[in-house]
Amino acid sequence: MARILVTEDDEAVRSFVRRALELDGHTVEVAEDGGQAVDVIKQADGDFDLLLSDIKMPVMDGIALALVVARDWPSLRILLMTGFADQRERAHNLEALVHDVVTKPFSLADIRRAVSLALAGVIDDDRKLYA
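Read on for an overview of the structure. Because the structure is a prediction, the values reported are computed rather than measured. (Residues numbered from 1 in each chain as written. Predicted model: local features only at pLDDT ≥ 70, side-chain atom pairs only at ≥ 80, totals over all residues. Heavy atoms only, no water.)

Quick word on the environment of Asp 10
Selection rule: Runs of E in the DSSP output that reach at least two residues are strands. Runs of H or I that reach at least four are helices, and both are numbered from the N terminus. Two N or O atoms form a polar contact when they lie within 3.5 Å of each other; inside protein one atom must be a possible hydrogen donor and the other a possible acceptor, and for residues adjacent in sequence the pair counts only when both atoms belong to side chains.
Note that Asp 10 resides in the loop between β1 (3-7) and α1 (11-23). C-alpha separation for the pair Asp 10 and Asp 33, spaced 23 residues apart in sequence, amounts to 9.4 Å. A distance of 2.9 Å separates a polar side-chain atom of Asp 10 from the backbone nitrogen of Ala 12.

Some remarks on unusual backbone geometry
Worth spelling out the cut-off: Here's how the labels work: a residue is buried when its accessible area is under 20% of the maximum for its type, exposed when over 50%, partly exposed in between, all with a 1.4 Å probe on protein chains only.
Backbone torsion omega between Lys 104 and Pro 105 reads -5 degrees, so that peptide bond is classified as cis. Looking at where Pro 105 falls in the secondary structure, it is placed in the loop between β5 (100-103) and α5 (108-120). The phi dihedral of Asp 45 is positive, around 50 degrees, even though this residue is not glycine. Note on Asp 45: relative accessible area 67%, which makes it exposed. Positive phi outside glycine occurs at Val 59, with the angle close to 70 degrees. Mapped onto the fold, Val 59 is located in the loop between β3 (50-54) and α3 (62-72).

Concerning the sheet that holds β1
Spelled out, the test is: Should DSSP find at least two bridges between two strands, the strands are regarded as paired. To obtain each axis, a line is fitted to C-alpha atoms, and for helices this fit is confined to the stretch in contact; angles are then taken between N-to-C directions over 0 to 180 degrees.
If you walk across this open sheet you meet the 5 strands as β2-β1-β3-β4-β5, and the pairing is parallel. Among the strands making up the open sheet, the edge pair consists of β2 (27-31) and β5. For this sheet, the mean angle separating the axes of adjacent strands, direction not counted, is 20 degrees. Of the strand pairs in this sheet, strand β4 (residues 77-82) and β5 are connected by 4 bridges, and their pairing is parallel. When the sheet's bridge partners are listed, Met 81 is paired in β5 with Val 102.

Structural data, given as structure tokens:
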């Protein structure tokens with residue numbers, strides 16, 4: 001199973017996603033914002049299989065986080081999530097760095113499937129960054 005860092009400022013979403021991924025046997029760590037996520041990744045020397053991050057967060061948003069992670073840990077897969085269409089649009093320019101963007105709200109099955117596909121490196125045609 002994978003080691004995943006979930007970065008989300010909303011406690012309810014963070015807990016929901018963590019529990020969903022732990023059901024699949026993944027080891028999940030959490031961070032409340034991008035700044036904290038960078039610290040967690042640095043402390044782990046980049047030893048994560050996937051970064052799952054919200055886009056819109058205080059301190060450092062998911063786009064800035066994705067840019068730092070892609071630069072410093074290029075083998076770390078990145079999956080973003082957002083409930084805002086304009087934020088999804090911002091991620092469109094990151095298709096070379098980000099595996100996909102999951103639209104909120106999502107179900108337990110949706111997030112588990114998106115993570116599974118990201119870990120396998122498979123793009124779901126229904127959810128790809130290109131519309």
